Amino acid sequence: MGAVLFCSNLDDPEEWRPPMTRLMPDLDLRVFPNFGNADEIDVAMVWRPPAEGLGQFKNLKAILSLGAGVDQLDLSKLPAGVPVARLVDDVLTTAMAEYCLLAALRYHRRVDLYERNSRLKKWEYHIPRPASQRTVGVLGLGVLGGATAEKLKMNGFKVVGWSRSPKQIAGVEGFSGADGIYRMAAKAEIVINLLPLTPDTRGILNKKLFDAMPQGSYLVNVGRGGHLNEEDLIPALDSGKLAGATLDVFQKEPLVTEHPFWGRGDILVTPHCASTGGADTAAPQVVENIRRARAGKPLMNQVDRAKGY
Ligand code: NDP
Ligand code: OXD
């Protein structure tokens, strides 16, 4: 029987140990850097791998991301041939759709403007528009983008979306392909990014995309900080091309105090809190993946290492 390595600078192993041990009583969970004999480790649960990599674990059968995203693992540096899985968690998915709905409603009902006006003691009335006259675009129609698109649709918005492969989601106008993103953006007054960060999507939230959006649109970035070309955002806001941005993820987290994104009335900064999975709800899939790895079976929620997500 092998041992499971737990390695994270963000997650508490003692939150994971009880729900995992309930499902796997003989679990041998070892917390980095006190893992004992490296040859006994056969599965690694990681947010970020140790600086020296995972190459020292010669008997590794699976690498399990402690997040939904895997870009923080740098797939190119992981031992070749070892399957990687990510978390897909209903609690995380629901929380993400909720955050995105909140961000869309805040702009749709002009609460961002009323927040600023209230600080200025300014009484300025704007006639509310029905959600059915507002189009929201979702970049990435996977687990989180798909659930977000559904939630927006249920709340009356017109929804358009963009994905790598064409998607059929009832009531959602789908776009794909390199020019599809700009055709989608042309329709969307609020664009929500839920793409994974890969070499193809890095910097995708840039001037070209903002220029394709209608004048006075809004951006919500809940994917990764690396999606946003940071130097393109402030000119787009200052010129009025964008009317506001909600940013949950940043190239460097926590966001440094001197960063120009802080303190602007048209940027809402949240601390990478859009959604998070829970050890209790995610433990069953992690334990199932440990069993599958040891039995030589394909993992649940396995990442395509060539695609990068
Ligand atoms: P999925 O893998 O389920 O979905 C990814 C979607 O993006 C798919 O629709 C995929 O297309 C599309 N996509 C990927 N690459 C491209 C491309 N080059 N061009 C067009 N579309 C592309 O991921 P999730 O929905 O589970 O998660 C998305 C991201 O959300 C995570 O990678 C993570 O970065 C972020 N996240 C942020 C959190 C936060 O708190 N801020 C919390 C959790 C996750 P196709 O369907 O064709 O494959
Ligand atoms: C994740 C995240 O990828 O929290 O799970 O960002």
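Residues numbered from 1 in each chain as written. Chains lettered and ligands numbered in written order. Predicted model: local features only at pLDDT ≥ 70, side-chain atom pairs only at ≥ 80, totals over all residues. Heavy atoms only, no water.

1. A short note on the site of ligand 2
- As a matter of local geometry, ligand 2 sits amid Gly67, Ala68, Gly69, Arg224 and His272.
- In the environment of ligand 2, an oxygen atom lies 2.8 Å from a nitrogen or oxygen atom belonging to the backbone of glycine 69.
- One of the side-chain N or O atoms of arginine 224 is found 2.8 Å from an oxygen atom in ligand 2.
- Within the complex, 82% of the 210 Å² of free accessible area of ligand 2 lies under protein.
- Considered class by class, the residues forming the shell around ligand 2 number one nonpolar, three polar and one charged. (Near = heavy atom within 4 Å. Polar contact = N/O pair within 3.5 Å; in protein donor to acceptor, adjacent residues only side chain to side chain. Areas by Shrake-Rupley, 256 points an atom, 1.4 Å probe, with all protein chains shown as cover. Nonpolar A, V, L, I, M, F, W, Y, C, P; charged D, E, K, R; others polar.)

2. Focus on the domain arrangement of the protein chain
- If you check the domain split of the protein chain, you get domain 1 (3–88 + 277–295) and domain 2 (90–269).
- Of note, the centres of domain 1 and domain 2, computed from C-alpha atoms alone, are 33 Å apart.
- At the interface, nine residues of domain 1 touch six residues of domain 2.
- Buried area between domain 1 and domain 2, summed over both chains or domains, comes out near 620 Å², and the portion from carbon and sulfur atoms is 61%.
- Interface area lost by domain 1 to domain 2 is led by Asp71, Val88 and Gly277, which between them contribute 57%. (Domains from an automatic or database assignment. Contact = heavy atoms within 4.5 Å. Buried area = accessible area lost by both parts, 1.4 Å probe.)

3. Digging into the packing of aromatic side chains
- Counted under the stated rule, the structure contains three aromatic pairs.
- Ring geometry for phenylalanine 35 and phenylalanine 57: centres 5.0 Å apart, planes at 75°, overall edge-to-face. On the criterion of sequence distance, the pair formed by phenylalanine 35 in the loop between β2 (29–31) and β3 (41–46) and phenylalanine 57 in the loop between β3 and β4 (62–65) is long-range, its members being 22 residues apart. By the burial criterion, phenylalanine 35 is buried, and phenylalanine 57 matches it. (Phe/Tyr/Trp six-rings, centres within 6.5 Å; stacked < 30°, edge-to-face > 60°. Helix = DSSP H or I, 4+ residues; strand = E, 2+ residues; numbered from the N terminus. Buried < 20%, exposed > 50% of the residue type's maximum accessible area, 1.4 Å probe, protein only.)

4. Here we look at empty space enclosed by the protein
- With the rule as written, the count across this model stands at one cavity of 30 Å³ or more.
- One number sums up the size of the largest cavity: a volume of about 40 Å³.
- Every residue lining the largest cavity is listed: Leu64, Ser65, Ala85, Arg86, Leu87, Gln285, Val286 and Asn289.
- Put simply, the parts of the chain that give the lining of the largest cavity at least two residues each are β4 and α8 (279–294).
- When residues in the lining of the largest cavity are grouped by element, the largest group, three residues, is from α8.
- Classifying every residue of the lining of the largest cavity by side-chain character gives four nonpolar, three polar and one charged. (1 Å grid on protein atoms, 1.4 Å probe; cavity = no way out; pocket = protein on both sides within 12 Å on 5 of 7 lines; lining within 4 Å. Points joined across faces, edges and corners; volume = space filled by probe spheres on them.)

5. Quick look at the state of the cysteines
- The full count for this structure, using the stated rule, is zero disulfides.
- The thiol of cysteine 100 is unpaired, and the distance to the nearest cysteine sulfur, on cysteine 273, comes to 11 Å.
- Given the relative accessible area of 0%, cysteine 100 is considered buried.
- Taking the relative accessible area as the measure of exposure, cysteine 273 reaches 43% and is therefore partly exposed. (Disulfide = S-S within 2.5 Å.)

6. A word on the site of ligand 1
- Among the 30 residues in the neighbourhood of ligand 1, the closest are listed as Arg86, Leu144, Ser165, Lys167 and Tyr309.
- Take glycine 142: an N or O atom from its main chain is 3.0 Å from an oxygen atom of ligand 1.
- When isolated, ligand 1 has an accessible area of 940 Å², and the protein chains bury 92% of it.
- Broken down by secondary-structure element, the contributors of at least two residues to the shell around ligand 1 are α2 (90–108), α4 (143–154) and β7 (158–163).
- Counting residues per element, the shell around ligand 1 draws most heavily on α4, at three residues.
- Among the residues forming the shell around ligand 1, the class breakdown is 14 nonpolar, ten polar and six charged.

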